[in-house]
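# Tertiary structure, described
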Amino acid sequence: MAQQGSSAPMIHVHQLRKEYADFKRGEQIALAGISFDATPGEVFGLLGPNGAGKTTALRILSTVLQPTSGTATVNGYDIVKEPSQVRHQIGFVSAGTGVYDRMTAWETVEYFGRLYGIDDETLQHRMQKIFGQLQMDEIRDVLGVKMSTGMKQKVSIARAMIHEPPVIILDEATAGLDVLVARSLIEIISRLREQGKCIVFSSHIMREVERLCDRVAIMHRGHILATGTIAELQQQYQAADMEDLFYDLISEAEEKLRPKTTSF
Amino acid sequence: MSLQNIKLIFRREMRDQLRDRRTLFMILVLPVLFYPLLGISFFQIAQFLREHPSKVLIIGYASTEGSLPELVSQDQFAQPLRENAKMDKVQLKLVPLEKLAFVRDGLWPDSGELNSEQAAIVHMQIRLLMRRYHCEAAIFFPPDFFKELGEYPNRFRDHARLAGQTEQAPPEVPRPVLLYDNSSDKKALAHARVDRILRKWSSEVGQKSLRESNLSQLAAQPIEFNQFDLAKEEDRINTSLWSKILPFVLLIWAVTGAFYPAIDLCAGEKERGTLETLLTSPARRVEIVLGKLFTIMIFSFVTAILNLVAMAITGGIVMTQLKELAVKADVGPPPFTSIFYLAIILIPVSALFSSVCLGLAAFARSTKEGQYYLMPVILVTLPLILLPMAPSAELDLGFSLIPVSGIVLLMRSVMEGTIGQLWPYVFPVAATTLLCCYFGIRWAVDQFRREEVLFREGERWDLGGWLKHLYRDRQPTPSFALAILCGVLILIVKFFLTSSIDVPTSAAAIKALPFSSFILRTILAPMAVILAISLAMTFLFTKSPSRSLQLGLPKRLSLPAACLLAVALYPLATALQLLVAKMYALPPAAHSLLEAFQEKLGEVGAPWMAIVFIALLPALCEEFAYRGFILSGLRRSGHRWRAIVLSSLLFALAHSIIQQQANAFFLGLILGYLAVQAGSIWPCIAYHFMHNATAYLTSDLPLTKQILENNVYTGSVLFGGTLLAIAILYWFHSLRCGREAGGAAGASPDALT
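Residue positions are given per chain, counted from 1 along the sequence in the order it is written. All chains are assigned letters beginning with A, and all ligands numbers beginning with 1, in the order in which they are written. At least 70 in pLDDT is required for a residue's local features to be given in this predicted model, at least 80 for side-chain atom pairs to be given and counted, and no such filter applies to totals for whole chains, interfaces and linings, which use all residues. Hydrogens are left out, water is left out, and the side-chain values use all remaining heavy atoms of the structure.

## Examining the overall build of chain A
What counts is decided by this rule: We count a stretch as a helix when DSSP gives it H or I for four or more residues in a row; a strand needs E for two or more, and each element gets its number in order from the N terminus. Relative accessibility under 20% of the residue-type maximum defines a buried residue, over 50% an exposed one, and the middle range a partly exposed one, all with a 1.4 Å probe and only protein chains included. Should any heavy atoms of two residues lie within 4.5 Å, those residues are considered in contact. Note on areas: Shrake-Rupley with a 1.4 Å probe; residue coverage comes only from the protein chains shown.
Looking only at helices and strands, chain A features nine helices and 10 strands. Counting every position in chain A, which comprises 264 residues, the buried fraction comes to 53%. Residue pairs at least 24 apart in sequence account for 67% of intrachain contacts in chain A once pairs closer than 6 positions are excluded. When the accessible surface of chain A is totalled, it reaches about 11,600 Å², and 49% of it is carbon and sulfur.

## Things to note about the overall build of chain B
Scanning chain B for helices and strands turns up 32 helices and six strands. Within chain B, the proportion of its 753 residues that are buried is 46%. For chain B, long-range pairs separated by at least 24 residues make up 78% of all intrachain contacts whose partners lie at least 6 apart in sequence. Accessible area for chain B stands at about 38,600 Å²; split by element, carbon and sulfur atoms hold 65% of it.

## Focus on the interface of chain B and chain A
Just so we agree on the cut-off: Take the accessible area each of two parts loses on contact, using a 1.4 Å probe, and add the two losses: that sum is the buried area. Any Lys or Arg side-chain nitrogen found within 4 Å of a carboxyl oxygen on Asp or Glu counts as a salt bridge. We call two N or O atoms a polar contact when they sit within 3.5 Å, provided that within protein one can donate a hydrogen and the other can accept it, with sequence-adjacent residues counted only if both atoms are side-chain atoms. Polar here means any residue outside two lists: the nonpolar Ala, Val, Leu, Ile, Met, Phe, Trp, Tyr, Cys and Pro, and the charged Asp, Glu, Lys and Arg; Gly therefore counts as polar.
Every contact between the two is made by 40 residues of chain B and, on the other side, 36 residues of chain A. Taken together, the two surfaces of chain B and chain A that pack against each other cover about 3,500 Å², and 52% of this comes from carbon and sulfur. Taken as a group, Arg12, Thr280 and Pro282 of chain B account for 18% of the area that chain B buries against chain A, more than any other trio of residues on that side. Counting every contact that joins chain B to chain A gives seven salt bridges. Counting every contact that joins chain B to chain A gives 12 residue pairs in polar contact (both at pLDDT 80 or more). Secondary-structure elements contributing two or more residues to the side of chain B that touches chain A are α1 (3-18), α8 (239-272), α9 (274-280), α19 (463-472) and α32 (737-751) of chain B. Considering every element that reaches the side of chain B that touches chain A, the biggest residue donor is α1 of chain B, with seven residues. Grouping the amino acids of the side of chain B that touches chain A by side-chain chemistry returns 11 nonpolar, 11 polar and 18 charged.

## Focus: the sheet that holds strand β6 (residues 177-179) of chain B
Backbone hydrogen bonds are what pair the strands of a sheet, in a parallel or an antiparallel way. All names here are of chain B. Selection rule: For two strands to be treated as a pair, DSSP must find at least two bridges joining them. Every axis corresponds to a line fitted to the C-alpha atoms, with the helix fit spanning only the stretch in contact, and the corresponding angles, defined between N-to-C directions, vary from 0 to 180 degrees.
Taken in spatial order, the four strands make up an open sheet running β4-β1-β5-β6, and their pairing is mixed. Across the chains shown, the open sheet's two edge strands, defined by having one partner strand only, are β4 (90-95) and β6. Each strand of the sheet is rotated relative to its neighbour by a mean of 20 degrees, with strand direction disregarded. Here three bridges tie strand β5 (residues 137-140) to β6, and the two strands are oriented antiparallel to one another. Paired with alanine 138 across the strands is leucine 179, a residue of β6. Sheet contacts for helix α4 (residues 116-132): β1 (54-59), β4, β5 and β6; angle to β5, the most-contacted strand, approximately 125 degrees.

## A look at the environment of leucine 576 of chain B
Residues and elements named next belong to chain B. On the secondary structure map, leucine 576 appears in helix α24 (residues 558-583). What makes leucine 576 partly exposed here is its relative accessible area of 27%. For the pair formed by leucine 576 and glutamine 659, sequence separation is 83 residues and the distance between their alpha carbons is 9.7 Å.

## Here's the deal with the sheet that holds strand β3 (residues 43-47) of chain A
Residue and element names in this part refer to chain A. The mixed open sheet is built from six strands, whose spatial order is β6-β7-β8-β3-β9-β10. The open sheet terminates on both sides in strands that have one partner only, identified here as β6 (90-93) and β10 (223-229). In this sheet, adjacent strand axes meet at a mean angle of 15 degrees when their direction is disregarded. In this sheet, strand β8 (residues 198-203) lies alongside β3 in parallel orientation, the contact comprising five bridges. Counterpart to glycine 45 in the pairing with β8 is phenylalanine 201. Helix α5 (residues 149-161) rests against β6 and β7 (167-171) of the sheet, and its axis sits at about 165 degrees to β6. Those strands touched by helix α6 (residues 179-194) are β3, β7 and β8, and its axis lies near 150 degrees from that of β8.

## A few points about the environment of valine 349 of chain B
Residue and element names in this part refer to chain B. Tracing the backbone shows valine 349 in helix α11 (residues 336-363). Separated by 54 residues in the primary sequence, valine 349 and proline 403 place their C-alpha atoms 9.4 Å from one another. Setting aside its immediate chain neighbours within four residues, valine 349 contacts Leu251, Ile407 and Thr433.

## Quick word on the pattern of salt bridges
Counted according to the given criterion, the structure contains 29 salt bridges over all chains. Across the salt bridge formed by arginine 199 of chain B and aspartate 195 of chain B, the nearest N and O atoms sit 3.0 Å from each other. Of this pair, arginine 199 of chain B and aspartate 195 of chain B both sit in helix α6 (residues 185-212), four residues apart, which is roughly one turn of that helix. Given a relative accessible area of 56%, arginine 199 of chain B falls into the exposed group. Residue classification places aspartate 195 of chain B among the partly exposed positions, given a relative accessible area of 25%. Shared partners join several salt bridges into a network, and the residues in it are Arg102 of chain A together with Arg12, Glu13, Asp16, Asp20, Arg22, Asp264, Glu269, Arg272 and Lys292 of chain B.

## Digging into helix α20 (residues 480-500) of chain B
Residues and elements named next belong to chain B. We count it as follows: Given the number of residues in a helix, its expected span is that number minus one, multiplied by 1.5 Å.
Counted at 1.5 Å a residue, the expected span for α20 with its 21 residues is 30 Å, and the 30 Å between its end C-alpha atoms agrees. Tucked into the core, α20 has its buried residues touching α19, α22 (515-541), α26 (607-634) and α27 (640-653). Phi turns positive, to about 60 degrees, at aspartate 502, one or two residues after α20.

## What about α4 of chain B?
Three- or four-residue spacings in an α-helix give side chains the same orientation, since the helix completes a turn every 3.6 residues. Residues and elements named next belong to chain B. Spanning 17 residues, α4 covers 24 Å between terminal C-alpha atoms, matching the ideal 24 Å at 1.5 Å per step. Elements in contact with the buried residues of α4: β1, β4, α3 (101-104), β5 and β6. One or two residues past the end of α4 sits histidine 134, with phi positive at roughly 55 degrees.

## What about a negative patch on the surface?
All names here are of chain A. Put simply, the test is: Here, patches come from residues exposed beyond 30% relative accessible area and free of salt bridges, joined within 9 Å for like charges and within 5 Å for nonpolar side chains (Val, Leu, Ile, Met, Phe, Trp, Tyr). When charges are tallied, Lys and Arg are placed among the positive residues and Asp and Glu among the negative ones, while His and the ends of the chain are skipped. The atoms used to mark charge sites are NZ of Lys, CZ of Arg, CG of Asp and CD of Glu.
A cluster of acidic residues, Glu210, Asp241, Glu243, Asp244, Asp248 and Glu252, forms a negative patch at the surface. The biggest single contributor to the negative patch is helix α9 (residues 242-262), with four residues. Residue position: glutamate 210 is located in helix α7 (residues 206-212).

## Some thoughts on the side chain of histidine 163 of chain A
Residue and element names in this part refer to chain A. By the secondary structure assignment, histidine 163 is in the loop between α5 and β7. For histidine 163, a relative accessible area of 11% gives the class buried. For histidine 163, the contacting residues outside a window of four places in its chain are Arg87, His88, Ile90, Gly91, Tyr116, Ile118 and Arg126.

## Looking at the confidence of the model for chain B
Residues shown with low pLDDT carry predicted positions that ought not to be read at fine detail. Residue and element names in this part refer to chain B. Worth spelling out the cut-off: Known as pLDDT, the predictor's confidence for each residue is given on a scale from 0 to 100.
Per-residue confidence for chain B gives a mean pLDDT of 81; residues scoring 70 or more make up 87%. Across chain B, α1 holds the top mean pLDDT of 92, while α32 sits lowest at 39. Overall, residues 737-753 carries pLDDT values under 50, and its contacts beyond four positions in sequence, including any with other chains, amount to 30 contacts.

## Thoughts on a nonpolar patch on the surface
Taken together, the side chains of Phe25, Val29, Leu30, Leu33, Phe34, Leu37, Leu38 and Ile40 of chain B define a hydrophobic patch exposed on the protein surface, amounting to about 700 Å² of accessible area. As for its placement among the helices and strands, phenylalanine 34 of chain B is situated in helix α2 (residues 21-50).

## Regarding the pairing of β3 of chain A
Residue and element names in this part refer to chain A. Counted residue by residue, β3 has five buried out of five residues, so it is predominantly covered. In β3, alternate side chains face the same way, and those of Val43, Gly45 and Leu47 on one face and Phe44 and Leu46 on the other are all buried. Of the strand pairs in this sheet, β3 and strand β9 (residues 215-220) are connected by four bridges, and their pairing is parallel. Its bridge partner being in β9, phenylalanine 44 is matched across the sheet by arginine 215.

## Concerning the packing of aromatic side chains
Rules: Classification of ring pairs uses Phe, Tyr and Trp, with its six-membered ring standing for Trp, and accepts pairs whose centres are within 6.5 Å; under 30 degrees between planes counts as stacked, over 60 as edge-to-face, and the remaining range as tilted. We call a charge positioned above a ring when the Lys NZ or Arg CZ atom is no farther than 6 Å from the ring centre and deviates by at most 35 degrees from the ring normal.
Under the definition given, this model contains 23 aromatic pairs over all chains. On the numbers, 4.8 Å between centres and 90 degrees between planes, the contact of phenylalanine 145 of chain B with phenylalanine 146 of chain B is edge-to-face. Neither phenylalanine 145 of chain B nor phenylalanine 146 of chain B differs from the other in exposure class; each is buried. Both rings, one in tryptophan 423 of chain B and one in phenylalanine 427 of chain B, keep their centres 6.5 Å apart while their planes meet at 80 degrees; by these two values the pair is edge-to-face. Here the aromatic cluster, defined as three or more aromatic residues joined through ring pairs, consists of Tyr61, Phe141, Phe145, Phe146 and Trp201 of chain B. Against the face of tyrosine 100 of chain A rests arginine 12 of chain B, its NZ or CZ located 3.5 Å from the ring centre. Here the guanidinium or amino end of arginine 627 of chain B rests over the ring plane of phenylalanine 651 of chain B, the centre of that ring lying 4.4 Å away.

So, in structure tokens, the structure goes:
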């Protein structure tokens, strides 16, 4: 089931829909039935303004949230029926980094490694390797509370890679990082792509998306407005660069929605 | 479930908490330092108290020059009257009578003969005098008191000689007045000291008089008893005090010790954003909850034990030192063997508190919000801990079924050494506690499965917006929260109704009421409240009233089946009622209240009217509320039986006396089951009606009297009825509609692991 050719989608999302109740605005649609595929060795970008539904989509993929309807599979495992297997297939990095304040970098990564059921010897070996790769040896014994955001994000990535998952999900991972750290993060992601990982990357920063993503989906209010490689999209919409393209698409969508919104 | 994961999570959480200085200080360091400091300050205060002198004003004292035992020598009470060193601290200020204006006016401070104006003048003058000389109490001897006292034996003898010839009462001994003010401890202490001295002096005056008239001492002090304490040496010292204090301290700290780590482990983790990462790891939610639960348990347990030991050691030292200081104290250090047993009993308690705290903490979106939940937790726990502190409370079946209270009594009986006879109650106590633990853990796990709880964001909340949301986004059936709100609202409105329309709460009040207002206040008004609240909520907050109230037609035959079931189960219901009455004795007031109720109901014109009031109305109103709105709301949580049990609990709480509550709870279980299985409220109304009608119709039958006297339903009736009931319940069990409706809602939380 899990063994599939490299061209087959690693992530398959079909008509994923998520509704939730909100005190102020009533029933809200966070995802209005989105569909996309992502293959191994590819960086797939979810691009959209705040509140577009990127985080919701990624949380559903990582089985933390339940979809209202629609399906998604990760490496062949269904996110609703086999959540436990799905979680073994992914490494999740969030904007909040999720590094424990009172644990050192080493302890944090080790803890998650154990939760993934990796035996001690392999775990030690892998941790040495990852700490080397990410140049984290000097923060090995630093407590989370004393780390800078950049250091925390590195720990977070190390934690997400420890079980060598085929899929890595980065939810606004570059938010709050300074230029240097963001740059090195982007290098790390490029390297992971070379290793054949399937990477889903959400952001609202054009530059990063342009540099990094093989294909992007532009999201707005729970809808995917357009999907394709950057070149394809630029050609299709006759836009000079990504930023213009993004702006045009979003304004167009806003325009369409406006009469509807006022009638609410 | 993987034990490995639970262990991993547990070990991480433990390490995390042990590295948190705030938690460590609150939970472990503070208690260890607190008690010794308390002990030290106790000595400081005790020292201060011992040296405190009292000053007493004495008005109108005159020496009797040997004719009576002396009361005063110089500025102190006479030496033979002072029993111990404390009495040396009493200073006296003597004032002659002439100094007081009211005496010159011929007034006494004795209350009897003064009008209120005069009394005010007299008391004011004495108070002023006391203030001038810094006195805390005063003794007033009326003019010629000592002279009259000295001449009293002669006057009495004259009277006795004339005995039989005159109707005159024997002469009275004149009365001095002790004026005191217990508004402060200092003044109360002075009062107590003076009172003791005066009694002793009075007794000596009496004995001297007996001696002089050659009478037996027995006349004044008939028989004195020697006393002997039968308790064993080690029990004698302390038990009564320690057995009350220690369980209290232990449980309060078990709650506190569970609460702070729970907040940090759940709300804190949410706040720091680490919970989301943990949820994306392979650890399942049950494993996360259990790992955290064990951590919280350890903290709860260790905190309680540390407090216990620190308190016991400090208490022990304080008590021994008090003894060395020759202060009379019956309390020694608590026995250490009982501390060991307390520790064992503590384990399930800390599990219970931990699971409750964990569920609450998971619900809080920030540590700040979490802190606010401590007070409600304490407010709910405190009555349960204090209830068994009543002197009459003893470990019995009734108490052992009350969570926490049973544990407190078990701890007490261990400390008092009565566990030898009471050990069978260990089982119901353990069963109750473990059941509560189980529900607590289930609840905590549920919290971890709810998206809206895990990813709640700090949005601004306002009442208007919320009500608008309730109306605008109303769904076909009420939500879980609305159902609970309805139940609570009914309770609150009924409570206020009781005081506002003067619902009779005593037998005498019932008897005094005319029949019509009796019916209005005890039946019609409460029923109207229940019906109004549930109907109003149904039409305001749900889109489909008929589905909310389950008004759909039931399956064929289910109406007669429900009626038959009510009759068949009635013997069992009565037997249960009697059992409950045995376990929790009905207070006499409640008993007479019920009797008065019955009697008043007998004044009804026709029996069918009584049936309308007592069976038809409650059946309609209560079913619309409890099996209609509330149950269909509770069922939205997905668990069928949890909904039934919760609705029964709310139903029970709406009754006032515990026997009725227990009865209503069982009734609620059956009714809830019928509602779920038949998918309709009509069989419940039928059952409820038949149940109440049967109760009313049989209340006068000789059969009922026989049952009440023998305390058991005639065996064959009970057995046959129950057998028939099981058959009917099985028929209901095979009805399908209940499960289909519940299944759709129940699917989602269970699939999420």
